[in-house]
Number of protein chains: 2
Amino acid sequence: MSLLVTGSIGIDTVITPHGRADEVLGGSAVYCSHAAALFTAVRLVAVVGEDFPASCRAQLESERIDLAGLETRAGSKTFRWAGKYSPDMNDRETVDVQLNVLAEPGARVPEAYAQSGLVFLANTHPATQLELLAQVPGKRLSVCDTMDLWIETERDALDKTLAAVDGVIINDAEARQLTGRDNLVAAGEAVLAMGPRFAVIKKGEHGAMLVTADSVTTVPAFPTKQVCDPTGAGDSFAGGMLGYLDACGQSDVAALRRAVVRGTVTASFTIEDFSLTRLRGVTADEVEARVRRFVAMLRIE
Amino acid sequence: MSLLVTGSIGIDTVITPHGRADEVLGGSAVYCSHAAALFTAVRLVAVVGEDFPASCRAQLESERIDLAGLETRAGSKTFRWAGKYSPDMNDRETVDVQLNVLAEPGARVPEAYAQSGLVFLANTHPATQLELLAQVPGKRLSVCDTMDLWIETERDALDKTLAAVDGVIINDAEARQLTGRDNLVAAGEAVLAMGPRFAVIKKGEHGAMLVTADSVTTVPAFPTKQVCDPTGAGDSFAGGMLGYLDACGQSDVAALRRAVVRGTVTASFTIEDFSLTRLRGVTADEVEARVRRFVAMLRIE
């Protein structure tokens, strides 16, 4: 079991209808690694600036997350993001973004991680994703995320990354933008034509869709009234999914379907509070109990 | 087995990214009754004007739909609606609406229908819904739909109707407007506080949610690339759901969950072509085959 997770570490300020959280730990790699750590041991590869607060560093620590790949870069500043959600929390506006260290060369993968079996490339510049992938020759399975910015401005680099990975996990708007298809089944199939053997399209409060060469699976989100802050839900989904795949040691369609359920349930905890508060408090047993409820909800007839 | 369906019969003009259909048969009671007829015998109660075309009347006919409650009102005109869908077909704009006979007193329930076991009140003025309900003293189960117009302008009458029915089937925007709650689980619970013992919230391409006093079930829509015209999907969902409930003779949570699946699958046929074209062509066996696929898709772990 060895899942390598890379992506952003940030200092977030988040405003939702339920309140606000100022300068809290955030970033795709943070949510993703903590979500994955509920299922497997995680190797985190990411960069922060020398301004990274001790309080954030303390929250990053976890028994199941190896921080040997966390670089604190002298003379650089940590990525910062501030966002505000709409009343129904289905939309959000970026109030401020400071790329800082994310605009510099990416993290190096420690020698000891070269044989990691699974690699998840959370959203960052596609060329950086590809470089990182090349540093893990031992991988059995690689999966990437991306975002609108790269789809629009770095399409050639992104195409190379997509051709190199086994799977993609993106949201519905990104899937439509990437493929030019409005219908999500068609969009999923179009993503497969770019290289990956599976595509997962995240739909926020509406769940997720898994598309493979010969199957389509749609699952709803876990129904809940406890939605405090949706930030990190998508990354928690990816982390839960990848963590489960690493732990179960399989990646056939049946395993991918089970992994989508784990991702869905893991994300349902993240959104119950700001930042990592709920995700860090949840236990593997609590996750499994909610997985059982979710699976039972979907078992009809 | 005796399901009474009431609602609108209309002449629709529909424009979608896939083409257009001019002056075709439409209306909530039409989709609902044809959907329900895949599962049970249906008694249709509705009014058309003397202008109702013979071609539309021919399409309305079905072995399993009793038209004794269809009134052709002399001196009146049939309801007309024209709408245009957005490129992704998640939004539509009403281009033209002529209430015509729908603005007049509602249809009378034939004496022979007074002992109908199930009643579905598709969207119309809530006072008309309540009047119709009173004409079916033999009902075991009654369910209603409504729309933004009545929520906004006829709240007192709507509250009386909601207090009188066993279940409600509405879409997500209506649920939010009716209850003032953005979260759909909370909205569903707020609907129950108004009287009904179950609420079904339809989410279009994102599926549906069933809320009862002690359960929440969310199912996705049937994933498909074949979406030609979403008109009537919600009414087909309601018809499939009610038709199944009538056929199975139960309405406990397990039966409601099975019914939601039948509604979902029935609607997935309606949207494959304009007007009633696909729904009239589909067989009960085709529906059951797709139900089995859908149930298998949701059976995970």
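Computed from a predicted model, the values in this text were never measured in an experiment.

K.L.:
Got a minute to help me understand the pattern of salt bridges in this structure?
P.N.:
For side chains of opposite charge, pairing can occur when their charged atoms come near one another. Overall, the coordinates contain 26 salt bridges over all chains when judged by the stated rule. With a shortest N-O distance of 2.6 Å, A:K225 and B:E189 are connected by a salt bridge. Taken together, the residues span two chains, with A:K225 in the loop between β13 (215-219) and α8 (233-248) and B:E189 in helix α7 (residues 184-192). Residue B:R73 pairs with B:E104 through a salt bridge whose shortest N-O separation is 3.2 Å. Here B:R73, found in strand β5 (residues 65-73), pairs with B:E104, found in the loop between β7 (92-98) and β8 (118-121); they are 31 residues apart in sequence, far enough to count as distant.

K.L.:
What should I look at first to understand the interface of chain B and chain A in this one?
P.N.:
Frequently, the measure chosen for interface size is the accessible area that the parts lose on association. Across the boundary between the two partners, chain B contributes 33 residues, which contact 33 residues of chain A. Note on chain B versus chain A: buried area summed over both sides is about 3,000 Å², and carbon and sulfur give 54% of it. When residues of chain B are sorted by the area they lose upon contact with chain A, B:K225, B:I300 and B:E301 head the list and together hold 22% of the total. Linking chain B to chain A there are 6 salt bridges. With a closest N to O distance of 3.4 Å, B:R176 and A:E205 form a salt bridge.

K.L.:
Mind showing me how you'd approach the relation of the copies chain B and chain A here?
P.N.:
Relating the two copies of this chain is a rotation about some axis coupled with a shift parallel to it. With an RMSD of 0.0 Å, chain B superimposes on chain A once it is rotated by 180° and translated 0.0 Å along the axis. A rotation of that kind, with that shift, is consistent with a two-fold axis. The fraction of interface residues of chain B whose copies in chain A are also interface residues reaches 100%, indicating that both copies meet through the same surface.

K.L.:
Which parts of the structure should I look at to understand unusual backbone geometry?
P.N.:
Outside of glycine, negative phi angles account for most residues, and trans bonds account for most peptide bonds. Positive phi outside glycine occurs at A:E23, with the angle close to 50°. When you line up the elements, A:E23 lands in strand β3 (residues 19-26).

K.L.:
So what exactly am I meant to see when it comes to the environment of B:P105 here?
P.N.:
Looking at the element boundaries, B:P105 is found in the loop between β7 and β8. Residues B:P105 and B:H125, spaced 20 residues apart in sequence, show a C-alpha to C-alpha distance of 9.9 Å.

K.L.:
Just checking my understanding: could you explain the environment of A:A164 for this structure?
P.N.:
All names here are of chain A. Within the fold, A164 resides in helix α5 (residues 155-164). Overall, A164 belongs to the partly exposed group, its relative accessible area being 35%. As a C-alpha pair, A164 and L130 span 34 residues in sequence and 7.8 Å in three-dimensional space. Discounting residues that sit within four places of it in the chain, A164 has contacts with L130, L133 and S142.

K.L.:
Explain the pairing of strand β9 (residues 141-144) of chain A to me, please; I cannot follow it from the model alone.
P.N.:
Regular strands have side chains that alternate between both faces of the sheet. All names here are of chain A. Burial along β9 is two-sided: the face carrying L141 and V143 and the face carrying S142 and C144 are both buried. Both strand β8 (residues 118-121) and β9 contribute to a ladder of 4 bridges, which runs parallel. By the bridge assignment for β9, F120 is matched with V143. Crossover handedness for the path β8 to helix α3 (residues 126-134) to β9: right-handed.

K.L.:
I'm lost on the sheet that holds strand β7 (residues 92-98) of chain A in this one. Help?
P.N.:
Where strands meet in a sheet, backbone hydrogen bonds hold them as pairs that are either parallel or antiparallel. Residues and elements named next belong to chain A. One open sheet holds the 4 strands; their spatial order is β3-β2-β6-β7, and the pairing between them is mixed. Only two strands of the sheet have a single partner each, and these edge strands are β3 and β7. The mean angle between the axes of side-by-side strands here comes to 15°, regardless of whether they run parallel or antiparallel. Here strand β6 (residues 79-85) pairs with β7 via 6 bridges, running antiparallel. Bridging across to β7, G83 finds its partner in T94.

K.L.:
Is there a simple way to think about the sheet that holds strand β1 (residues 3-6) of chain A in this case?
P.N.:
All names here are of chain A. Here we have 9 strands laid out as an open sheet, ordered β5-β4-β1-β8-β9-β10-β11-β12-β13, and mixed in their pairing. Edge positions in the sheet fall to β5 (65-73) and β13, since each of these pairs with one other strand and no more. Across the sheet, the axes of successive neighbouring strands diverge by a mean angle of 15°, strand direction being ignored. Two strands pair when backbone bridges link them, and β1 and strand β4 (residues 42-49) are joined in this way by 4 bridges, in the parallel orientation. The residue bridging L3 from the neighbouring strand is V42, located in β4. Taken strand by strand, helix α1 (residues 28-36) contacts β1, β4, β5 and β8, and its axis lies near 160° from that of β1. Lying on the sheet, α3 is in contact with β1, β4, β8 and β9; it crosses β8 at an angle near 165°.

K.L.:
Where do I start with helix α9 (residues 253-270) of chain B in this structure?
P.N.:
Helical geometry note: an α-helix holds 3.6 residues per turn, so side chains three or four residues apart project in the same direction. With 18 residues, α9(B) extends 26 Å from end C-alpha to end C-alpha; this agrees with the ideal 26 Å at 1.5 Å per step. Buried residues dominate α9(B), accounting for 16 of its 18 residues.

K.L.:
Hey, could you run me through the packing of helix α6 (residues 172-179) of chain A against helix α7 (residues 184-192) of chain A in this one?
P.N.:
Helix packing for two helices is described by the angle between their axes and how far apart those axes are. Residues and elements named next belong to chain A. Relative orientation of the contacting elements α6 and α7 amounts to 60°, with a least axis distance of 9 Å. Put simply, α6 runs oblique to α7. Both α6 and α7 take part in a crossing whose hand is left-handed. Across from D172, A175, R176, L178 and T179 in α6, the residues of α7 making contact are L184, A187, A190 and V191. For the contact of α6 with α7, the residue count by class is 6 nonpolar, 1 polar and 2 charged.

Thresholds, definitions, all that
- Residues numbered from 1 in each chain as written.
- Chains lettered and ligands numbered in written order.
- Predicted model: local features only at pLDDT ≥ 70, side-chain atom pairs only at ≥ 80, totals over all residues.
- Heavy atoms only, no water.
- Salt bridge = Lys/Arg side-chain N within 4 Å of Asp/Glu carboxyl O.
- Helix = DSSP H or I, 4+ residues; strand = E, 2+ residues; numbered from the N terminus.
- Contact = heavy atoms within 4.5 Å.
- Buried area = accessible area lost by both parts, 1.4 Å probe.
- Least-squares fit on C-alpha atoms with pLDDT ≥ 70 in both.
- Buried < 20%, exposed > 50% of the residue type's maximum accessible area, 1.4 Å probe, protein only.
- Pairing = 2+ DSSP bridges.
- Right-handed = clockwise from strand over helix to strand, strands pointing away.
- Axes fitted to C-alpha atoms, helices over the stretch in contact; angles between N-to-C directions.
- Expected span 1.5 Å × (residues − 1).
- Parallel < 35°, antiparallel > 145°, perpendicular 65-115°, else oblique.
- Left-handed = near helix turned anticlockwise from the far one by under 90°.
- Nonpolar A, V, L, I, M, F, W, Y, C, P; charged D, E, K, R; others polar.

The values are spatial; any link to function lies outside them.
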